[in-house]
Amino acid sequence: MQFLERYFKLKDNGTNVRTELLAGLTTFLTMAYIIFVNPSILGDAGMPKDSVFVATCLAAAIGTLIMGLYANYPIALAPGMGLNAYFSYTVVKGMGMSWEVALGAVFISGCLFILVSLFKVREMIINSIPPALRTAITVGIGLFLAIISLKSAGVVVSNPATIIALGDLHQAAPILAIVGFFIIVALDRLKVPGAILIGILTITIASFFFGGNQFNGIVSAPPAIEPTLFKLDIMGALSIGIVNVVLVFFLVELFDATGTLMGVANRAGLLKDGKMERMNKALLADSTAIAAGACLGTSSTTAFVESAAGVQAGGRTGLTAVAVALLFLGSLFFAPLAHTVPPYATAPALLYVACLMLRELTYIDWDDSTESIPAAITALMMPFTYSVASGVAFGFITYAVLKLLTGKGKQVSVVAYIIAAIFLFKFIYLGE
């Protein structure tokens with residue numbers, strides 16, 4: 001106990017071992033849904049779900065452990081929502097790349113993130129990107145997740161006449177998904193820890209009675225990770241995916257990690273003069289986890305906003321994160337349960353996360369059309385083109401063009417102009 005006190009500086013942060021461990025359990029319960037959702041999404045890219053399950057648990061454990069032991073923050077990491085959707089539905093299914101090449105792109109973006117953190121240029125890049133576009137990327141990913149979740153649930157289906165249409169709501173899948181969504185929202189509103197996880201498990205249990213699902217057990221030895229371990233294709237990613245893939249991974253990781261870290265730290269009262277004292281250490285933990293996750297076989301690992309739940313429960317130091325990491329390692333033995341969860345049980349979780357991401361719309365200046373229109377274009381183009389990359393590209397181009405046409409060109413940073421020019425060149429000379 002004395003060692004933990006000295007290492008994590010518990011008294012200095014107004015906490016104790018019991019509080020930190022309970023906070024770790026709270027955080028884990030709120031984000032454990034990722035061990036079910038991530039294999040489902042990456043499985044759509046052709047990746048072996050059992051191996052992805054192991055990679056998800058290990059990547060989350062490694063990243064969170066580094067965050068706790070190195071940065072001493074109560075922040076947990078895991079493969080990020082939105083980034084996994086971009087990986088599967090845009091990069092692999094949309095662009096026709098193999099998942100091995102996509103993992104290579106994730107690894108490269110992680111290495112770039114490490115360099116940015118080491119040389120402390122993160123702040124320069126973040127400040128160079130228009131705040132409206134930063135907000136819009138989050139909103140757009142939310143809309144993208146929404147259409148994916150509704151499709152997985154069978155609530156919306158493809159239609160040759162109208163592109164999409166309402167599905168058959170008399171079927172078990174959409175009915176159970178809708179029930180799951182209401183359960184998750186209600187429980188979360190009532191501040192029940194693990195609301196999303198409870199919703200997923202409830203619908204999974206119901207699927208045995210109403211959805212024709214078959215029970216495969218709960219506990220077993222961890223599946224083999226060999227099918228995804230070190231299968232990333234870095235050279236393939238370098239040869240075909242830099243502009244559209246690596247750049248988008250990098251930008252979204254950068255914004256997502258920074259925003260989440262600052263938000264959770266602020267809620268924990270860990271900011272001093274509006275800044276995180278160990279921000280670079282936290283970002284290094286995040287970027288190292290991205291590279292490690294790609295080697296293991298999962299999409300980008302990032303800080304989880306659900307860490308705020310543990311902070312609300314009193315977590316103030318890295319001991320909270322260490323507890324979360326150990327719980328993710330323990331989850332390795334629940335592979336049969338993960339394999340049993342049907343897509344329509346995880347769809348409500350995706351839709352709920354999507355709805356929460358839309359609240360970022362309030363931060364957009366709707367009175368300035370040179371800010372609001374590029375933001376709207378960014379957000380709308382993601383679901384309508386089924387591509388996060390296209391949304392980001394159209395957003396940057398629209399922002400630069402409108403500012404130039406309205407005499408506000410000096411408001412745009414050199415970095416933003418460069419990104420817009422790269423995307424424009426890509427559309428003109430490289431096609432989609």
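For the structure itself, consult the block above.
Residues numbered from 1 in each chain as written. Predicted model: local features only at pLDDT ≥ 70, side-chain atom pairs only at ≥ 80, totals over all residues. Heavy atoms only, no water.

J.: Lay out the pattern of salt bridges with the relevant residues and their values.
T.: Taken as a whole, this structure holds three salt bridges when the rule is applied. Ionic pairing is found between Lys408 and Asp368, a salt bridge with its closest N-O pair at 3.7 Å. In this pair, Lys408 sits in the loop between α19 (388-405) and α20 (414-429) while Asp368 sits in the loop between α17 (343-357) and α18 (369-385), placing the two residues 40 residues apart along the sequence. Its relative accessible area of 27% is what places Lys408 among the partly exposed residues. (Salt bridge = Lys/Arg side-chain N within 4 Å of Asp/Glu carboxyl O. Helix = DSSP H or I, 4+ residues; strand = E, 2+ residues; numbered from the N terminus. Buried < 20%, exposed > 50% of the residue type's maximum accessible area, 1.4 Å probe, protein only.)

J.: Just give me the short version of the packing of aromatic side chains, but keep the residues and values in it.
T.: Applying the stated criterion across every chain, the model contains 10 aromatic pairs. Summarising the aromatic geometry, the rings of Phe396 and Phe423 are spaced 6.5 Å apart at their centres and angled 35° between planes, so their arrangement reads as tilted. With Phe396 in helix α19 and Phe423 in helix α20, this residue pair connects regions lying 27 residues apart in the sequence. Of the residues examined, Phe423 reaches a relative accessible area of 0% and is grouped as buried. Joined through ring pairs, the aromatic side chains of Phe3, Tyr7 and Phe8 make up one cluster. Lys281 extends its terminal NZ or CZ atom over the ring of Tyr70, reaching a point 5.2 Å from the ring centre. (Phe/Tyr/Trp six-rings, centres within 6.5 Å; stacked < 30°, edge-to-face > 60°. Lys NZ or Arg CZ within 6 Å of the ring centre and 35° of its normal.)

J.: Tell me what's going on with the nonpolar core, and back it up with residues and numbers.
T.: Within the largest apolar cluster, 128 residues are counted, with the highest numbers of intra-cluster contacts made by Phe87, Phe328 and Phe396. At 13 residues, helix α12 (residues 242-267) tops the list of elements feeding residues into this core. Those residues in contact with Phe87 that lie beyond four places of it in its chain are Leu42, Ala45, Met47, Val92, Trp99, Ala102, Leu103, Val106, Phe249 and Ser299. Ranked by size, the runner-up nonpolar core spans five residues in total, among them Phe8, Leu10, Leu319 and Val322. (Core = buried A, V, L, I, M, F, W, Y, C linked by side-chain atoms within 4.5 Å. Contact = heavy atoms within 4.5 Å.)

J.: Describe the pairing of strand β3 (residues 163-166), with residues and values.
T.: Pairing of strand β2 (residues 156-159) with β3 involves four bridges; the strand directions are antiparallel. The residue of β3 that forms the bridge with Val156 is Leu166. Counting the residues in the hairpin turn of β2 and β3 gives three residues. (Pairing = 2+ DSSP bridges.)

J.: Requested: an account of a nonpolar patch on the surface, with residues and values cited.
T.: On the surface, a nonpolar cluster with roughly 490 Å² of combined accessible area is contributed by Phe215, Ile218, Val219, Phe333 and Phe334. Within the secondary structure layout, Ile218 lies in the loop between α10 (195-210) and α11 (234-240). Judged by relative accessible area, which is 41%, Ile218 ranks as partly exposed. (Patch = residues over 30% accessible without salt bridge, like charges linked within 9 Å, V, L, I, M, F, W, Y side chains within 5 Å. Areas by Shrake-Rupley, 256 points an atom, 1.4 Å probe, with all protein chains shown as cover.)

J.: Tell me about unusual backbone geometry, and name the residues and values.
T.: One non-glycine residue, Lys9, lies in the positive phi region at around 55°. By secondary structure assignment, the location of Lys9 is in the loop between α1 (2-8) and α2 (17-31). One non-glycine residue, Ile163, lies in the positive phi region at around 75°. By the secondary structure assignment, Ile163 is in strand β3. The class of Ile163 is exposed, set by a relative accessible area of 68%.

J.: Give a detailed account of the packing of helix α3 (residues 34-43) against helix α5 (residues 83-92), specifying residues and quantitative values.
T.: It is at 9 Å that the axes of α3 and α5 come closest, and there the two elements cross at 20°. In terms of axis orientation, α3 runs roughly parallel to α5. Crossing hand, α3 versus α5: left-handed. In this structure, α3 uses Ile34, Asn38, Ile41 and Leu42 to contact α5, whose residues at the interface are Asn84, Ala85, Phe87, Ser88 and Tyr89. Along the lines of polarity and charge, the residues of the contact of α3 with α5 split into six nonpolar, three polar and no charged. (Axes fitted to C-alpha atoms, helices over the stretch in contact; angles between N-to-C directions. Parallel < 35°, antiparallel > 145°, perpendicular 65-115°, else oblique. Left-handed = near helix turned anticlockwise from the far one by under 90°. Nonpolar A, V, L, I, M, F, W, Y, C, P; charged D, E, K, R; others polar.)

J.: Outline the packing of helix α9 (residues 172-189) against α17, listing residues and values.
T.: One way to put it is that α9 packs onto α17 with a least axis distance of 8 Å and a crossing angle of 45°. In this view, α9 runs oblique relative to α17, as classed from their interaxial angle. Our pair here, α9 against α17, has a crossing hand that is right-handed. On α17, the residues touching Ala173, Leu176, Ala177, Gly180, Phe181, Ile184, Val185 and Asp188 of α9 are Tyr344, Pro348, Ala349, Leu351, Tyr352 and Cys355. Here the contact of α9 with α17 is composed, by residue class, of 12 nonpolar, one polar and one charged.

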